[in-house]
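Overview (structure and organization)
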Amino acid sequence: MNAQQLISQFQAQGLESSFHGRHIQPQILAGLNGGNWRLKDYESRGGYQALRKILGQDGSEGLTQDQVIAIVKESGLRGRGGAGFPTGLKWSFMPRQFPGHKYLVCNSDEGEPGTFKDRDILQFNPHIVIEGMAIAAYAMGIGVGYNYIHGEIFKTYERFEEALEEARAAGYLGEKIMGSSFSFQLHATHGFGAYICGEETALLESLEGKKGQPRFKPPFPASFGLYGKPTTINNTETFSAVPWIINNGGAAYLACGKPNNGGTKIFSISGDVERPGNYEIPLGTPFATLLELAGGMRSGRALKAVIPGGSSAPVLPASIMMDITMDYDAIAKAGSMLGSGAVIVMDERRCMVKSLQRLSYFYMHESCGQCTPCREGTGWLWRMVDRIENGQGRPSDMDLLDNVAESIMGRTICALGDAAAMPVRGMLKHFRAEFEHHITHKTCMVSAHV
Amino acid sequence: MSNIAPALSPMALSDATAHRFAKEVAKYPADQSQSAVMACLSILQQETGWVSPEGEVAVAQYLGMPVMAVREVSSFYNMYNLRPVGHFKINVCTNLPCQLRDGAQALAHLCERLGVESGGTTADGMFTVQPGECMGACADAPVLLVNDRSMCSFMSHEKIDQLVDGLRQSAIEKATP
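Conventions we followed
- Think of each chain on its own: its residues are numbered from 1, step by step along the sequence as written.
- Chain letters and ligand numbers both follow the written order, the letters beginning at A and the numbers at 1.
- Two thresholds apply to this predicted model, a pLDDT of at least 70 for residue-level local features and 80 or more for giving and counting side-chain atom pairs, whereas whole-chain, interface and lining totals are computed over all residues.
- Hydrogens and waters are ignored; side-chain quantities use all the structure's heavy atoms.
- Labels follow the DSSP assignment, with helices taken as runs of H or I lasting at least four residues and strands as runs of E lasting at least two, numbered in each case from the N terminus.
- For the radius of gyration, the atoms used are the C-alpha atoms, and the globule rule reads 2.2 Å times the number of residues raised to 0.38.
- Relative accessible area decides the class of each residue, using a 1.4 Å probe on protein chains only: under 20% of the type maximum gives buried, over 50% gives exposed, and in between gives partly exposed.
- Surface exposure here means Shrake-Rupley accessible area, sampled with a 1.4 Å probe, where a residue is shielded only by the protein chains that are shown.
- Asp and Glu are treated as the negative residues and Lys and Arg as the positive ones, with His and the ends of the chain left uncounted.
- Note that the charge is assigned to NZ on lysines, CZ on arginines, CG on aspartates and CD on glutamates.
- When DSSP finds two or more bridges between a pair of strands, those strands are recorded as paired.
- Here, residues are in contact when the closest pair of their heavy atoms is within 4.5 Å.
- Note on definitions: angles span 0 to 180 degrees between N-to-C directions of axes, and those axes are lines fitted to C-alpha atoms, for helices only across the stretch in contact.
- A helix is expected to reach a length of 1.5 Å times the quantity of its residues less one.
- Only centres within 6.5 Å qualify two rings of Phe, Tyr or Trp (six-membered ring in Trp) as a pair; their planes then separate them into stacked at under 30 degrees, edge-to-face at over 60, and tilted for everything else.
- The rule for a charge over a ring is simple: NZ of Lys or CZ of Arg within 6 Å of the ring centre, and within 35 degrees of the ring normal.

Some words on the overall build of chain A
- Counting secondary structure elements, chain A contains 18 helices and 11 strands.
- Here the C-alpha radius of gyration of chain A, 22 Å, is about what a compact globule of 450 residues would show, namely 22 Å.
- Taken along the three principal axes of its C-alpha coordinates, chain A extends 75 × 55 × 45 Å.
- Taken across its 450 residues, chain A has 63% of its residues classed as buried.
- Accessible surface, chain A: about 15600 Å² in total, of which carbon and sulfur atoms supply 52%.
- For chain A, the separation between the mean place of its 43 positive charges and that of its 45 negative charges on side chains is 2 Å.

Below, the structure is given as structure tokens:
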């Protein structure tokens, strides 16, 4: 057996993570089984009907650019990458009559710890992303697009390249798509290990062949984006939601979530649950229901805390989590954020100091070094949490942690600084006693200390 | 001030490599070849095991960009090997979601099995072991990446043993005519 054959035996097939049949009203992951990712499979699920519809190739008159954007606005679709910005509104910022080049970029640089939904979409339903991007390109009058894929999932990048070839050969991409006057070229490109490139302007820099250091905003990408041209960037899952919205209408999409939180969302659940994986459910579903879908707590242990939206989101204790619904507004009201939809679940054995120590190391490692508060502050935060974890903490560290976190927040070019500071503040707000115990007793409050 | 560093000659690119480079360059506007630098460097690494200074010069010449601009990229992104590594480079994710599902134990077991420190290379040059940051596969923990391009999931101690034994065997078989 050669090395490649051997390694392929250990590759995940998505069965555990996404094809467990425990979604609620799924749209993006509906009907998938891991093997049916090809164009003919997608078409048999109704794929490319939305693109056909807007281009008027189904016998109808087609939709204008304004009509497409109006439907997306009506749907209440919000960015699934982390910021939750209304997609229709973002699309309306693009200068549609601008005569020069414009670009469309899909952000598949999925690196927020806890998130693994875009990987499964790209791997097992790549054509839904291609169709969503083609519809977006039509709506904004864009001729060229790129999908920037996380470097660590190289097989997924190769899969997406294969799907692009299929779409080109079938006339869904390229010149005069399906005989219409609309042309759109789409290419795949990959990162190579830099969390910061998930930030949209760092991603643009990377796509231009540079180190991924974020740009000042403004100017926003809609006026000065890739190669200095108007550019729209959306997350993989956001584009994937678009075909369903065009086929079923904006109102139907909104109706399956809750007001201001339309549609379904894929939550990636990791940590101390029986069945970690992706669960696609309507926004506004109670957290308790989501936890149940994931098989409940591992080994029947008690829930202690949840990081509800990826590692950058402030942690929330069990008492709050069990009472909230999973949507942008409810989680924000509880003092955290829905972010990318990564739900990191921690049981009663978990030490919060140890957890924060690992996260702080990550942000120090991934700071791009451009802004002083982030470059120096993330290292400072990690050194403090690390010494508290190792029984070397000083009483003054409690205030200092708060102070350093405060001094990073809002003082950097991009959100990585905030992302490093928010977990610290969340931990101190809800689990302060654990940090104080570590400092005073030089041991962990939680007996298992794992 | 004169530049005292000796000028490096570029690595010679095979036709096959140049063909792969050309395919990447074709994705971008004619005046934006630099956009292909990430892909070209990863191709170089796949073919030669690392990004050598001579390789950087070759990529710079091919794409028409300064060598220093290539180096800025190769030194910024974590996955480029700026010095030679073992025949198999294995990165184990140890970020928080994986930590909650035995990622750190997987790394420790791998190191013990191979008799190597985290970050080190085995004496026979077969394996390099490194900790890694989030690979976006948290439900499949423990996860590890072999030579940048192949992810292995649910890596129990037993599976790790199977993997490293099998990889070693495959390398021996390949070397034996």
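What to know about the sheet that holds strand β8 (residues 303-307) of chain A
Residues and elements named next belong to chain A.
- Read across the open sheet, the five strands follow the order β6-β5-β11-β8-β9; overall the sheet is mixed. With one partner strand each, in any of the chains shown, β6 (277-282) and β9 (316-317) form the two edges of the open sheet.
- Here four bridges tie strand β5 (residues 264-271) to strand β11 (residues 342-347), and the two strands are oriented parallel to one another. Residue pairing for β11: Ile-269 is matched across the bridge by Val-343.
- Against the sheet, helix α6 (residues 117-124) touches β5 and β6, its axis set at about 115 degrees to β5.

Here's the deal with helix α7 (residues 126-140) of chain A
All names here are of chain A.
- Between its terminal C-alpha atoms α7 stretches 22 Å, which fits the 21 Å expected from 15 residues at 1.5 Å a residue.
- Across the 15 residues that make up α7, a large majority, 15, are buried.
- At the C-terminal side of α7, Gly-141 shows a positive phi close to 65 degrees.

Examining the packing of aromatic side chains
Residue and element names in this part refer to chain A.
- The full count for this structure, using the stated rule, is 20 aromatic pairs over all chains.
- Note on Phe-85 and Phe-93: the rings are 6.1 Å apart at their centroids and 45 degrees apart in plane angle, and the pair reads as tilted.
- For Phe-93, a relative accessible area of 46% corresponds to the partly exposed category.
- Measuring from centroid to centroid gives 5.2 Å for Phe-154 and Tyr-157, while their planes differ by 65 degrees, and the two rings are edge-to-face. Taken together, the positions of Phe-154 and Tyr-157, both in helix α8 (residues 154-169) and three residues apart, correspond to about one turn of that helix.
- By relative accessible area, Tyr-157 is classed as buried at 4%.
- We note Lys-265 situated over the ring of Phe-267; from NZ or CZ to the ring centre the distance is 5.8 Å.

Some thoughts on the sheet that holds strand β1 (residues 103-108) of chain A
All names here are of chain A.
- Read across the open sheet, the four strands follow the order β3-β2-β1-β4; overall the sheet is parallel. What marks the edges here is a single partner per strand, and that holds for β3 (185-190) and β4 (231-235). The average angle at which neighbouring strand axes cross in this sheet is 20 degrees, direction not considered.
- The pairing of β1 with strand β2 (residues 144-149) spans six bridges and is parallel. Counterpart to Leu-104 in the pairing with β2 is Gly-145.
- In the packing of helix α10 (residues 236-248) onto the sheet, contacts are made with β1 and β4, and the angle to β4 comes to roughly 90 degrees.

Considerations on unusual backbone geometry
Residues and elements named next belong to chain A.
- Here the bond from Lys-217 into Pro-218 is cis, since omega is -5 degrees, no more than 30 degrees from zero.
- Take Pro-218: it is sitting in the loop between α9 (200-207) and β4.
- One non-glycine residue, Gln-25, lies in positive phi territory at about 45 degrees.
- The topology assignment puts Gln-25 in the loop between α1 (3-8) and α2 (39-44).
- For Gln-25, a relative accessible area of 49% gives the class partly exposed.
- Of note in this structure, Lys-442 is not a glycine but carries a positive phi near 60 degrees.
- With respect to the secondary-structure elements, Lys-442 resides in the segment after α18 (416-441).

Note that every value here comes from positions in space, so none of it alone points to a role or purpose.
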